[in-house]
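# Coordinate analysis (summary)
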Amino acid sequence: MLRAAESRWTLESREKDGVESSKPRTPEPVIEALKTDMKIQLSDQKQEFNKPPTKAGRSFSQTSIDNFTSVCSDSSEDECSPKDKLQRTTTGLPGFCVKNMQQADFGRREIENAEQEMPALMILRKKLEEDKPLDGAKVAGCTHITAQTAVLIETLVALGAQCRWAACNIFSTQNAVAAALVEKGIPVFAWKGESEDDFWWCIDRCVGAETWQPNTILDDGGDLTHWIYSKYPSLFKKIKGIVEESVTGIYRLHQLSKAGRLCVPAMNINDSVIKQKFDNLYLCKESIVEGLKRTTDFMFGGKQVVVCGYGEVGKGCCAALKSMGVVIYVTEVDPICALQACMDGFRIVTLSEIIRYVDMVITCTGNTNVVLREHLDRMKNSCIVCNMGHSNMEIDLASLKTAELRWVHVRPQVHHIIWPDGKRIILLAEGRLLNLSCSTVPSFVLSITAATQILALIELYNAPEGRYKQDVYLLPKKMDEYVAVLHLLTFDAHLTELTDNQAKYLGISKHGPFKPNYYR
């Protein structure tokens, strides 16, 4: 190959073939330099596997070998833990824990920017602010803390609720936004790059059982609910309900329900039609590429990627990657989803049969142990591994925390895990949710989910005793459709109205709901 490459550069080869070059001749010193450079690249290629990345172009953090839960904080901020600081707002209020209160003004601008793309929440504020349907509600929340969630939290406050908040993901918190919420008088306990111990410490402070007792829970992943069940079960005597938006959290609630341990009614936002068809699909479709680009500078065209799971999240990821010229394989356990993938033009395979050939593995199943050590061992050099599901349990990270493997922290949210033979894989966000950990997400789509969460909280908080039992419920279809109507206003969309005769023929009200409760 080297000789063939050299022949393209040398004048002798062109003269030998009788081809007269019409371009200026390349000087001999340049030819020799090119030859030398090519030889260096070929001979040093294997050695490069064992070298830590150099600080060129970007400002990379120091190599980290033993710390598997490394903190990826802003370079402008000190490394002191927020727990070690005595913090107060500009008005002197204590009782929170964030990274840097000096960023509050910037965070406020981020929140105001998100409000422009979250029409439903702004409409709900205007319509319901006087009635205060959440007056007296004490909401303990555990979600991603971003500008979009801040709009949700401040809408709850505008509707009469008191709120305390923690983060459901150690990497997704926007520190400036957390500071802005605190400055507004909302206690927040979260910062980007928490350790596992910090994570649970923040949730415990959010619950505030000694000084403040919640009567409703807004959860994303079930960690807050789990903590209260484990540490403060007596609080459920005053809690009116739980609103949960993730597949992981819903699984936990169903397990509690089956065991007869669910103490309060819970609203399943994740399986509502409006969440599945918009948040899970479009949010992932519009954010996965940005997350990958920011962390890896990856060239997509022609690369081979396996997407584990073809639910709505998997569909969104595949649609985005397909538009970038990626060759996509899909793994699935559900024959219906597998058939959908086939008809969308993707090949259904098992992970074991394709793992050694792909350039990237993306998990979106919401399950556990999807990518095992045996798969990781067989991956090609520089294979990228990331997760678009809620929890990092989809990738068997525990199996990688062994003495023979070396972890190198390359840049924020990027680790190289190096095998003894020099092979490395590239792990993003330590297996946690890629898009919210490594990029931003579209505010408009999150407006849809946030509106359903608010309506579910209002419903549970104001429901008469006996309407909901100690079980998991789906959002009523009427609420699903109402959220959709609130967002159609942005597009100046004009719905067709059924005639009385048409409504009678279908056996429904001309004002909806238009789908039965079992519709998915």
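In case you missed it, the structure is sitting above this.
No experiment lies behind these values; they were computed from the predicted model shown. (Residues numbered from 1 in each chain as written. Predicted model: local features only at pLDDT ≥ 70, side-chain atom pairs only at ≥ 80, totals over all residues. Heavy atoms only, no water.)

## A look at the sheet that holds strand β14 (residues 424–428)
Sheet strands line up and pair through hydrogen bonds in the backbone, either parallel or antiparallel. Threshold: When DSSP finds two or more bridges between a pair of strands, those strands are recorded as paired. Helix and strand labels come from DSSP, where a helix needs a run of H or I of at least four residues and a strand needs a run of E of at least two; each type is numbered from the N terminus.
Read across the sheet, 8 strands follow the order β9-β8-β7-β10-β11-β14-β13-β12 without closing on themselves; strand pairing throughout is mixed. Looking at which strands have only one partner, the edges of the open sheet turn out to be β9 (347–348) and β12 (406–411). Across 4 bridges, the pairing between strand β7 (residues 304–308) and strand β10 (residues 360–363) is parallel. Following the sheet pairing, Val 307 is matched in β10 by Ile 362.

## Things to note about the environment of Asp 500
Where we set the bar: For this analysis, a polar contact is any N or O atom pair within 3.5 Å, provided that within protein one partner can donate a hydrogen and the other can accept it, and provided that sequence-adjacent residues contribute only side-chain to side-chain pairs.
Residue position: Asp 500 is located in helix α19 (residues 500–506). Separated by 3.1 Å, the side chains of Asp 500 and Lys 510 make a polar contact.

## Observations regarding the packing of aromatic side chains
Definition in use: The rule is short: rings of Phe, Tyr and Trp, with Trp giving its six-membered ring, pair when the centres are within 6.5 Å, and they are stacked under 30 degrees, edge-to-face over 60, tilted in between. With a 1.4 Å probe rolled over the protein chains alone, any residue whose accessible area is under 20% of its type maximum counts as buried; one over 50% counts as exposed, and the rest are partly exposed. Charge-over-ring placement is defined geometrically: NZ (Lys) or CZ (Arg) within 6 Å of the ring centre, and within 35 degrees of the ring normal.
Enumeration over the complete set of coordinates arrives at 8 aromatic pairs. Relative to Phe 236, the ring of Tyr 229 lies with its centre 4.2 Å away and its plane at 35°, an arrangement referred to as tilted. The class for Phe 236 is buried, based on a relative accessible area of 6%. Centroid distance Phe 444 to Phe 491: 5.5 Å. Interplanar angle 80°. Geometry classified as edge-to-face. Taken together, the residues span a long stretch of sequence, with Phe 444 in helix α17 (residues 443–462) and Phe 491 in the loop between α18 (477–488) and α19 at a distance of 47 residues. The cationic tip of Lys 240 hangs over the ring face of Tyr 461; the distance from NZ or CZ to the ring centre is 4.4 Å. Taking the ring centre of Trp 419 as reference, the NZ or CZ of Lys 423 above it sits at 4.2 Å.

## What to know about the pairing of strand β13 (residues 414–418)
Of all 5 residues that make up β13, 5 are buried, and the element is covered over most of its length. Side chains Val 414, His 416 and Ile 418 project from β13 onto one buried face, and the interleaved His 415 and Ile 417 project onto a second face that is buried too. Examined bridge by bridge, β12 and β13 share 5 bridges and lie antiparallel to one another. The residue bridging Trp 407 from the neighbouring strand is Ile 417, located in β13.

## Quick word on the pattern of salt bridges
Operational definition: Definition used for salt bridges: Asp or Glu carboxyl oxygen within 4 Å of a side-chain nitrogen of Lys or Arg.
Following the criterion strictly, the structure yields 15 salt bridges and no others. One salt bridge connects Arg 125 with Glu 115, and the closest N-O pair in it is separated by 3.5 Å. Of this pair, Arg 125 sits in helix α5 (residues 119–128) while Glu 115 sits in helix α4 (residues 104–115); the two residues are 10 residues apart in sequence, bridging distant segments of the chain. No difference in accessibility class separates Arg 125 from Glu 115, as the two residues are buried. With a closest N to O distance of 3.1 Å, Lys 510 and Asp 500 form a salt bridge. Here Asp 500 lies in helix α19 and Lys 510 lies in the segment after α19, a separation of 10 residues in the sequence. Residue Lys 510 is classed as partly exposed on the basis of its relative accessible area, which comes to 24%. You can call Asp 500 exposed: its relative accessible area is 57%.

## As for unusual backbone geometry
Following Gly 512, the chain continues to Pro 513 via a peptide bond in cis, the omega torsion being 0°. Note on placement: Pro 513 falls in the segment after α19. Even without being glycine, Asp 297 reaches a positive phi, approximately 55°. Within the secondary structure, Asp 297 sits in the loop between α11 (273–296) and β7.

## Here's the deal with the state of the cysteines
Convention followed: When the sulfur atoms of two cysteines come within 2.5 Å, that pair is taken as a disulfide.
Summed over the entire model, instances satisfying the criterion amount to 0 disulfides. Not engaged in a disulfide, the cysteine Cys 318 finds its nearest cysteine sulfur in Cys 317; these two sulfurs lie 6.9 Å apart. Judged by relative accessible area, which is 0%, Cys 318 ranks as buried. Summary of cysteine pairing: Cys 364 is not part of a disulfide, and the nearest cysteine sulfur, belonging to Cys 317, is at 4.3 Å. Residue classification places Cys 364 among the buried positions, given a relative accessible area of 9%.

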